[in-house]
Number of protein chains: 2
Amino acid sequence: MLVSALLTSLGINSGLCVLFFLLYSIISKQPSNYEVYVPRLLAKGNSRRRSHFNLERLIPSTGWIKRAWKRSEEDILSSSGLDALVFMRIISFSLRVFSFAGIIGVFVLLPVNCMGTQLHEIDFTDLSNNSLDLFTISNVNIGSKWLWIHFSAVYIVTIFICYQLYNEYKYISSERIAYFYSSKPQPHQFTILVRGIPVSVCSSVSESVETFFTEFHPTTYLSHMVVHRTSKLRNLINEAKTLSKRLLHLQSEPSQHTYRHIGLFGQRVDLVDHYGKKLVDIEQSVRLEQSNVSLAEETRAAFVSFKSRYGAAIAFHLPQSTNPTQWVTEQAPEPDDVYWPFFSSSFMRTWISKLVVIVACILLTILFLIPVVVVQGLTNLSQLETWLPFLKSILTITFFGQVITGYLPNLILQLFLKIVPPIMEFLSSIQGYISHSDIEKSACKKVLWFTIWNIFFATVFSGSVLSKVSIFLEPKNIPAKLAVAVPAQASFFIAYVVTSGWTSISSELFRIIPLIFSLVTRCCKNTDELEVPSLPYHRDIPKILFFGLLGITYFFLAPLILPFLLAYLCLAYIIFSNQFINVYMPKYETAGKFWPIVHNSMIFSLVLMHAIAIGIFTLKKLSIASTLLFPLPVLTLLFNAYCRKRFLPI
Amino acid sequence: MLVSALLTSLGINSGLCVLFFLLYSIISKQPSNYEVYVPRLLAKGNSRRRSHFNLERLIPSTGWIKRAWKRSEEDILSSSGLDALVFMRIISFSLRVFSFAGIIGVFVLLPVNCMGTQLHEIDFTDLSNNSLDLFTISNVNIGSKWLWIHFSAVYIVTIFICYQLYNEYKYISSERIAYFYSSKPQPHQFTILVRGIPVSVCSSVSESVETFFTEFHPTTYLSHMVVHRTSKLRNLINEAKTLSKRLLHLQSEPSQHTYRHIGLFGQRVDLVDHYGKKLVDIEQSVRLEQSNVSLAEETRAAFVSFKSRYGAAIAFHLPQSTNPTQWVTEQAPEPDDVYWPFFSSSFMRTWISKLVVIVACILLTILFLIPVVVVQGLTNLSQLETWLPFLKSILTITFFGQVITGYLPNLILQLFLKIVPPIMEFLSSIQGYISHSDIEKSACKKVLWFTIWNIFFATVFSGSVLSKVSIFLEPKNIPAKLAVAVPAQASFFIAYVVTSGWTSISSELFRIIPLIFSLVTRCCKNTDELEVPSLPYHRDIPKILFFGLLGITYFFLAPLILPFLLAYLCLAYIIFSNQFINVYMPKYETAGKFWPIVHNSMIFSLVLMHAIAIGIFTLKKLSIASTLLFPLPVLTLLFNAYCRKRFLPI
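Scoring rules and cut-offs
- Residues numbered from 1 in each chain as written.
- Chains lettered and ligands numbered in written order.
- Predicted model: local features only at pLDDT ≥ 70, side-chain atom pairs only at ≥ 80, totals over all residues.
- Heavy atoms only, no water.
- Helix = DSSP H or I, 4+ residues; strand = E, 2+ residues; numbered from the N terminus.
- Rg over C-alpha atoms; globule rule 2.2 N^0.38 Å.
- Buried < 20%, exposed > 50% of the residue type's maximum accessible area, 1.4 Å probe, protein only.
- Contact = heavy atoms within 4.5 Å.
- Buried area = accessible area lost by both parts, 1.4 Å probe.
- Salt bridge = Lys/Arg side-chain N within 4 Å of Asp/Glu carboxyl O.
- Polar contact = N/O pair within 3.5 Å; in protein donor to acceptor, adjacent residues only side chain to side chain.
- Nonpolar A, V, L, I, M, F, W, Y, C, P; charged D, E, K, R; others polar.
- Pairing = 2+ DSSP bridges.
- Axes fitted to C-alpha atoms, helices over the stretch in contact; angles between N-to-C directions.
- Expected span 1.5 Å × (residues − 1).
- Least-squares fit on C-alpha atoms with pLDDT ≥ 70 in both.
- Parallel < 35°, antiparallel > 145°, perpendicular 65-115°, else oblique.
- Left-handed = near helix turned anticlockwise from the far one by under 90°.

(A) Quick look at the overall build of chain A. Across its full length, chain A carries 26 helices and six strands. Expected size for 650 residues packed as a compact globule is a radius of gyration near 26 Å; at 29 Å, chain A falls within 12% of this value. Taken along the three principal axes of its C-alpha coordinates, chain A extends 85 × 65 × 50 Å. Within chain A, the fraction of its 650 residues that count as buried is 48%. Within chain A, counting contacts between residues at least 6 apart in sequence, those at least 24 apart form 83% of the total.

(B) Expanded view of the interface of chain A and chain B. The interface of chain A with chain B comprises 30 residues on the first partner and 30 residues on the second. In total, about 2700 Å² of surface goes out of reach between chain A and chain B, with carbon and sulfur atoms giving 73% of it. Taken together, chain A and chain B are joined by two salt bridges. Between A:K476 and B:E474 there is a salt bridge, and its shortest N-O distance comes to 3.3 Å. Where chain A meets chain B, there are six residue pairs in polar contact (both at pLDDT 80 or more). Secondary structure elements with two or more residues in the side of chain A that touches chain B: helix 10 (309–317), helix 11 (347–367) and helix 26 (631–647) of chain A. Here the side of chain A that touches chain B is composed, by residue class, of 20 nonpolar, six polar and four charged.

(C) Quick peek at the sheet that holds strand 2 (residues 221–228) of chain A. Residue and element names in this part refer to chain A. Judged by pairing direction, the sheet is antiparallel, and its four strands sit side by side in the order 2-5-1-6 without closing on themselves. Each of the sheet's edge strands pairs with one partner strand only, and the pair in question is strand 2 and strand 6 (328–331). Recorded for the sheet is a direction-independent mean angle of 25 degrees between the axes of neighbouring strands. Where strand 1 (residues 191–195) and strand 6 come together, four bridges link them in antiparallel fashion. Bridging from a neighbouring strand, I192 pairs with Q331 of strand 6.

(D) View of helix 1 (residues 3–27) of chain B. All names here are of chain B. Its 25 residues give helix 1 an end-to-end C-alpha distance of 35 Å, which sits within 8% of 36 Å, the value for a rise of 1.5 Å per residue. For helix 1, every residue scored as buried is listed here: V3, L6, S9, L10, N13, C17, F20, F21, Y24, S25 and I27. Summarising the contacts, the buried residues of helix 1 are in contact with helix 2 (34–37), helix 4 (63–70), helix 20 (490–510), helix 21 (512–522) and helix 23 (561–582).

(E) Spatial organisation of the sheet that holds strand 2 (residues 221–228) of chain B. Residues and elements named next belong to chain B. Taking strand neighbours across the sheet as the criterion, the four strands line up as 2-5-1-6 in an open arrangement whose pairing is antiparallel. Edge strands, defined here as strands with exactly one partner in the open sheet, are strand 2 and strand 6 (328–331). When strand polarity is set aside, the average angle formed by the axes of neighbouring strands in this sheet is 25 degrees.

(F) Geometry of the relation of the copies chain A and chain B. Between the two copies, chain A and chain B, the superposition gives an RMSD of 0.1 Å; the rotation angle is 180 degrees and the shift along the axis is 0.0 Å. What the superposition gives is, in effect, a two-fold axis relating one chain to the other. Proximity to the rotation axis, assessed at the C-alpha, singles out A:E474 in chain A; its C-alpha lies 2.2 Å from the axis. A symmetric contact is evident, with 100% of the interface residues of chain A recurring at the interface of chain B.

(G) Quick look at the environment of A:K446. All names here are of chain A. Structurally, K446 can be placed in helix 17 (residues 436–460). Classification of K446 by relative accessible area gives buried; the value is 12%. Through-space distance from the C-alpha of K446 to that of S9 is 31 Å; in sequence the pair is 437 residues apart. The contact partners of K446, leaving out residues within four places of it in the chain, are V357, C361, M424, S428 and Q431. At 2.7 Å, the side chain of K446 forms a polar contact with the side chain of S428. For K446, the side chain forms a polar contact with the side chain of Q431, separated by 2.6 Å.

(H) Up close: the side chain of B:T590. Looking at where B:T590 falls in the secondary structure, it is placed in the loop between helix 23 and helix 24 (595–619). In contact with B:T590, not counting residues within four places along its chain, are B:D83, B:R176 and B:S437.

(I) Seen up close, the pattern of salt bridges. Residue and element names in this part refer to chain A. With the rule as written, the count across this model stands at 19 salt bridges over all chains. Two residues, E283 and R287, come together in a salt bridge whose shortest N-O distance is 3.4 Å. Of this pair, E283 and R287 both sit in helix 9 (residues 271–291), four residues apart, roughly one helical turn. Among the residues examined, R287 registers a relative accessible area of 54% and is labelled exposed. Beyond isolated ion pairs, a larger network of salt bridges with shared partners links E73, R89, R96 and E168.

(J) Broad picture of the pairing of strand 1 (residues 191–195) of chain B. Residue and element names in this part refer to chain B. Most of strand 1 sits inside the fold, with five of its five residues counted as buried. Going residue by residue along strand 1, you find T191, L193 and R195 tucked away on one face and I192 and V194 tucked away on the opposite face as well. In the sheet, strand 1 pairs with strand 5 (residues 298–306) via four bridges, with the strands oriented antiparallel. Looking at the pairing, I192 lines up with V304 of strand 5.

(K) The arrangement of the environment of A:F416 in detail. All names here are of chain A. By the secondary structure assignment, F416 is in helix 15 (residues 398–418). Overall, the relative accessible area of 23% leaves F416 in the partly exposed class. Along the primary structure F416 and G548 are separated by 132 residues, whereas in three dimensions their C-alpha atoms are 23 Å apart.

(L) Fine view of unusual backbone geometry. Residue and element names in this part refer to chain A. A positive phi angle, near 60 degrees, is found at A591, a position not held by glycine. You can see A591 is positioned in the loop between helix 23 (561–582) and helix 24 (595–619). The class of A591 is buried, set by a relative accessible area of 3%.

(M) Structural view of the environment of A:H217. Along the chain, A:H217 turns up in the loop between helix 7 (205–216) and strand 2. Measuring from C-alpha to C-alpha, the distance between A:H217 and A:I314 comes to 9.3 Å, with 97 residues separating the pair along the chain. Apart from the residues within four sequence positions on either side, A:H217 is in contact with A:F306, A:I314, A:A315, A:Q320 and B:Y310.

(N) A look at the packing of helix 11 (residues 347–367) of chain B against helix 17 (residues 436–460) of chain B. Residues and elements named next belong to chain B. Where helix 11 meets helix 17, the closest approach of the two axes is 9 Å, and the angle between their N-to-C directions is 30 degrees. If you check the angle between helix 11 and helix 17, you find them roughly parallel. With respect to the hand of their crossing, helix 11 and helix 17 are arranged in right-handed fashion. Taken together, the residues of helix 17 that come into contact with helix 11 (itself represented by V357, C361, L364, T365 and I366) are K446, W449, F450, W453 and N454. Residues that form the contact of helix 11 with helix 17 fall into these classes: seven nonpolar, two polar and one charged.

That's the geometry; what it means functionally is another story.
Written out as structure tokens, the structure is:
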């Protein structure tokens, strides 16, 4: 890739970003779009729908950028909770790390790379016609003494990152402790979930639980509630909730048109009346269903409540049975956080479904690109013409043809990638977790590994799936193979940060899909039930971490990546800070449990970087340097082990 | 190796065994050897030193063999504890497994192997001149359908072993539970050991502990005892104990000669008097030292006692601090079981010494054979002649020369191997364990891996250390390399079972080293302080498990190994059963905590066997079979994971 190509891409994407920012600051001010851009403020009643026209609405403003950038951590913590704070800390942590690495990279390593003549000399008279590779380590001469600067940079940056990681972990764990100290006693803290309750022939689950806990926890046991399979009741209650909301809304706005045809040919009826009757019906059904609950299928699981949080902690931490697969205890999730659909009370079933999900995930991760390539292959021009004959005339125009053949495969890949987080979330949900937050945490890990495999390794190691997998079956050769393959993709990943990174983050600000959805449904919906979304961490954390991985692995290979990465992180900081004010509201609180994922991902990136460095120095015939690098991954892993000992399970 | 060579070796070793048995049954009856052969009975007072001569003493008897073989488990459990029972169960478990495998191997696989013509046909007219390899799988023709019998045997034996492992684990865990139910309340069950106690400037460790536990465990906390560094006091007390024992002994046997010269030119004194005075001196020193104990260096560790076992369990299981490296709790060991010398109260020091020990162990395990080979190289004939010139005349005789050059290297290897268990025990002891039993458990694992590496892999993969290690860095090629190398060593390992196995077990019966030691010291010692030894599990469990590994990996390659293995196991059962009656007395009780090591070792052996089988079937061009074998190691590992979930931490 030439410098000019990068500059073009840079120009286009900067333009797009500015455009997005401008559009956002205008469109978000239109009252009709409030529910897309400021649902949170709407829900709180902070932002009223102003219907009177106002010229200010059409002038783009920049005040929100400054506000978002200057927002304090206390503010984020108090308004969006610890998870949001942790999320913002990921970005600010990366900003700190890559500012440091950026200074070293741009002012020290970049000049050294340029001075090399391994590929050929840089033509300073016509900079834009140079290959990007001239700015990478590939241009440093083989055996050159200058490589020791890269060597030192690897050591210094690793030490800096580890130091930062330690401080950050310490900070997060102190915040977690402060969170627990400050939180008021809540029911779920007094409760544990018990699964795998053994039942004798003559007694019910409830009796079994009662006997067990009154016997073994006589002073602290308070009460219990056996879990029943009551999907019918749950559906009825949901229906009643929707109806009552709708009814409230109708009653609060009496000016609205409340007559409607029921059915296609039904008579005109008063909606308030109609809904009221329906609600009474449902209420009766609920009563009936509730009285039958005790007859509903009992599961071998129960929520057991204790008189004190200490009592619950004891029951949770102590093994309850000589058979560890019975009386399995775990902390009860927050009431809003419980996820019922795949609830399973048996140890064996949970374990097997977990194994199945792990296998499914591994297969999905490894084999994902095969169907993508097949579908991409299907959508060539001639195929499109046979499928959509009306497009024939357009497709014959060369320009459109080129655009479609050029962008369609990429679009398909992006669409496939978009559905990965929901798939992973679904897989995690059938894995036996009881709470949304655990599911999200597990999905976050899955998406992260998926991204690293399917974007990093699939790009770096071209070839069949089998050949990629087989590389990891020969650990001895990994550094050598990485050293050849990774620098070769430097320009691709620089461009990737600019195109995919900048665009995806701007589209996050612009909320294209919710906007389109809102535009489409606006005409059909009469009652606007406002639902405040929560940030899907399992979609966005892996994205940021993946850019972190790119930054860490490429900082000494191609330091040119760092300025673009820093720009991405600044954008991300501003945009997410803004979205936390206006859009997202936390549904539940894991209290910062996402941090270990971040920590592990950083450690993995570091070790990967060391492996590449070892390979590179061997390739550059500086074997002393590669030998001297060997302790670094070991020390990094030891540091990680120490952090785990020091901070887990906080 | 020819069949005749094996038969010769078999003859010699059977003869040796019979000789050892005969000698044992005579020598052990001599009263002068009672303290070597029946120290346990002596200590209990069951066996009196009969000084009158008796003809029966010179006639070998066989009654003890029958007694040892027929001994019931309840008997072992009640007299030697759960650990001894687990030890005997290892042998009986192996007996069961290899009887089953032996029937399949000898009656099904062996005929199939013999029928093959891959190497060449068996000469049935002159059996003893056939190579042993003709009885192995190497003789089955490439691509032969008969290999499916081996394939089925691998599956059937794996399933059988897993089934047995599950039952055995279940039995052991039920025994463990029964042991805990039946044991009377003991002080160490009410106590935990706390390390890493944080101390503020103005308070002592003791105050710190008192404040902490009265605050957080007000209802259950009883008392505490801070650990002091009192090595001087300990030495004095040990000295006093030895003296008082000696004194008691002298007083109880007034007939003995109690006058002795003190020093080389000292005057004759009454020993009772002399010891009495010395004891008084020591008593005074102890008093003085004890009064200074509170001034001795306090460590940041304490034993904290609770009012109930439940209270102790709560304090042990619940994390005590927001910083997991402080207030680290563990169950207190039995008083007899505490090991002080390398006691460390700081988390960091324990962790670092653990890491150092792990590295040392790995290095020792991998590089052990290098010094051995060097030393073996030094002891060639000409070297010996220069070192020990007086041997020159003997060494020139060809026979002695041959014996020495033939046996000396082997003797050196055996001597080096003998010192490995103590070295590993030492390494484990500085690893931060507080109790003898934990040290022994950890040493047991280390010795096991050491044995597997230095006997199995070092024999199988000849070549430099680096080449051996590098095999494991390419996991993909392991089965292929194993398949070539392992069957080639079949005859070596068959001979190994006969020579090393049978001899070592007979020498265990005969207790050569204690016998020699007793003979040497008998003339110098006047007071025979009887010390009943305990079985060094970390020396003997790995030995038996290693033979188990040989049996499992070779049962389908060279079924001929199984009869010899069964003979070894029968001998081991009889001999150890006998030694538990007469010799060994448990010093402390881990209550069967050695079993997980046995379980893991069996699982490792199975997976290793599967890897070999996969490689063999590929080599024999039966790739369907090797593909169909792939699920087997996966299922075995899943079975292991299930067992861990089901039985740990019981």
